[in-house]
Amino acid sequence: DQQVKQNSPSLSVQEGRISILNCDYTNSMFDYFLWYKKYPAEGPTFLISISSIKDKNEDGRFTVFLNKSAKHLSLHIVPSQPGDSAVYFCAARKMKTSYDKVIFGPGTSLSVIP
Amino acid sequence: KAGVTQTPRYLIKTRGQQVTLSCSPISGHRSVSWYQQTPGQGLQFLFEYFSETQRNKGNFPGRFSGRQFSNSRSEMNVSTLELGDSALYLCASSLGPGVGQETQYFGPGTRLLVL
């Protein structure tokens, strides 16, 4: 039972263009969402998060959009840079109703082509 | 501020042995979580500790156990190792379980190879 899904295992984007990574979740009780970036042989690095009370959060080149009715969130990277090439994990958790573990999606491998 | 540290970084064991991995959280962080990542898989949650108490547990067999000390450092132990336990074991820390304290920061991981 995969509660957090990232249906695109991989994505290729030209340098300078927008990268859009998608994530869907099934549990409507999730109220906090995070994106992590992971390089090979390293631990994931926190990128950006969003609470369910918001529909958008922006930090530099990274913007996360949350559509609660569709149970969908997306990460936009503008402009994409070669250093953004990594695996991106979407994660979700319940915080307010009951403190619960973080659930991670399977990841999307992003390649930014120079 | 120093990040999450994990020791050892690499480990080779044989089937049937047991192993203990260590994690030191970011200073001031009191919550520690452990994850297993195998090739082609996402991050599988093992357990989470806060104030020396296990708060959440994933779907792993009892061979996987953990503990947290009063200084928030954490260890996880795997007994009777199996080949399928070969993985990258990641530790993550956060301030705590409260709203506004949720973001987890990861260590570099311990790469375990079971032969």
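Keep in mind the model is a prediction, meaning the values are calculated, not measured.

## A look at the interface of chain B and chain A
Each partner contributes to the interface: chain B provides 25 residues, whereas chain A provides 21 residues. Here chain B packs against chain A, burying approximately 1800 Å² in sum over the two surfaces, 60% of which is carbon and sulfur. For the pair chain B and chain A, the interface holds one salt bridge. Residue arginine 93 of chain A is joined to glutamate 48 of chain B by a salt bridge in which the shortest nitrogen-to-oxygen separation is 3.5 Å.

## A word on the pattern of salt bridges
Side chains that carry opposite charge are capable of pairing whenever their charged atoms lie near each other. Counted according to the given criterion, the structure contains seven salt bridges over all chains. Among the ionic pairs, glutamate 58 of chain A bridges to lysine 56 of chain A, the shortest N-O distance being 4.0 Å. Its relative accessible area of 52% is what places glutamate 58 of chain A among the exposed residues. With a shortest N-O distance of 2.8 Å, aspartate 84 of chain A and arginine 61 of chain A are connected by a salt bridge. Within this pair, whereas aspartate 84 of chain A is found in the loop between strand 8 (72-77) and strand 9 (86-93), its partner arginine 61 of chain A is found in the loop between strand 6 (56-59) and strand 7 (62-67), the two being separated by 23 residues in sequence. For arginine 61 of chain A, a relative accessible area of 21% translates into the label partly exposed. Sharing partners across several salt bridges, the network here consists of Arg63, Glu82 and Asp85 of chain B.

## Remarks on the environment of glutamine 17 of chain B
All names here are of chain B. One can find glutamine 17 in the loop between strand 2 (10-13) and strand 3 (19-24). Placed 42 residues apart in sequence, glutamine 17 and asparagine 59 show a C-alpha to C-alpha distance of 21 Å. Discounting residues that sit within four places of it in the chain, glutamine 17 has contacts with Val78, Ser79, Thr80 and Leu81.

## Quick look at the sheet that holds strand 8 (residues 74-78) of chain B
Residues and elements named next belong to chain B. Reading across the sheet, the four strands line up as 1-3-8-7 and stay open at both edges, with antiparallel pairing between neighbours. The sheet is open, and its two borders are formed by strand 1 (5-7) and strand 7 (64-68), each paired with just one other strand. Pairs of neighbouring strands in the sheet enclose a mean axial angle of 20 degrees, with direction left out of account. Sheet topology note: the strand 7/strand 8 ladder contains five bridges and is antiparallel. By the bridge assignment for strand 8, glutamine 68 is matched with serine 74.

## A closer look at the sheet that holds strand 1 (residues 4-5) of chain A
All names here are of chain A. Within the open sheet, the five strands sit side by side as 1-3-8-7-6. Their pairing is antiparallel. Looking at the sheet topology across the chains shown, the edges are occupied by strand 1 and strand 6. Summarising the sheet, strand 1 and strand 3 (residues 19-25) pair through two bridges and their orientation is antiparallel. Within strand 3, the position partnered with valine 4 by the bridge is tyrosine 25.

## A closer look at unusual backbone geometry
At the junction of valine 78 of chain A and proline 79 of chain A, the peptide bond is cis and its omega measures out at -15 degrees in the coordinates. For proline 79 of chain A, the position within the fold is in the loop between strand 8 and strand 9. Residue proline 8 of chain B follows threonine 7 of chain B across a cis peptide bond; omega there is -10 degrees. Position of proline 8 of chain B relative to the elements: it lies in the loop between strand 1 and strand 2. In this structure, lysine 71 of chain A takes a positive phi of about 50 degrees despite not being glycine.

## Remarks on the state of the cysteines
Two cysteines whose sulfur atoms are joined by a covalent bond form what is called a disulfide. Scanning all chains against the criterion turns up two disulfides over all chains. Here cysteine 23 of chain A pairs with cysteine 90 of chain A through a disulfide, and the sulfurs are 2.0 Å apart. Because the torsion about its S-S bond is -70 degrees, the bridge between cysteine 23 of chain A and cysteine 90 of chain A counts as left-handed. Placement of cysteine 23 of chain A in strand 3 and of cysteine 90 of chain A in strand 9 is noted, with a sequence separation of 67 residues between them. Its relative accessible area of 0% is what places cysteine 90 of chain A among the buried residues. Cysteine 23 of chain B shares a disulfide with cysteine 91 of chain B; S-S distance 1.8 Å. Judged by the sign of its S-S torsion, about -60 degrees, the bond between cysteine 23 of chain B and cysteine 91 of chain B is left-handed. Of this pair, cysteine 23 of chain B sits in strand 3 while cysteine 91 of chain B sits in strand 9 (residues 87-94), and the two are 68 residues apart along the sequence. With relative accessibility at 0%, the residue cysteine 91 of chain B sits in the buried group.

What counts as what
- Residues numbered from 1 in each chain as written.
- Chains lettered and ligands numbered in written order.
- Predicted model: local features only at pLDDT ≥ 70, side-chain atom pairs only at ≥ 80, totals over all residues.
- Heavy atoms only, no water.
- Contact = heavy atoms within 4.5 Å.
- Buried area = accessible area lost by both parts, 1.4 Å probe.
- Salt bridge = Lys/Arg side-chain N within 4 Å of Asp/Glu carboxyl O.
- Buried < 20%, exposed > 50% of the residue type's maximum accessible area, 1.4 Å probe, protein only.
- Helix = DSSP H or I, 4+ residues; strand = E, 2+ residues; numbered from the N terminus.
- Pairing = 2+ DSSP bridges.
- Axes fitted to C-alpha atoms, helices over the stretch in contact; angles between N-to-C directions.
- Disulfide = S-S within 2.5 Å.

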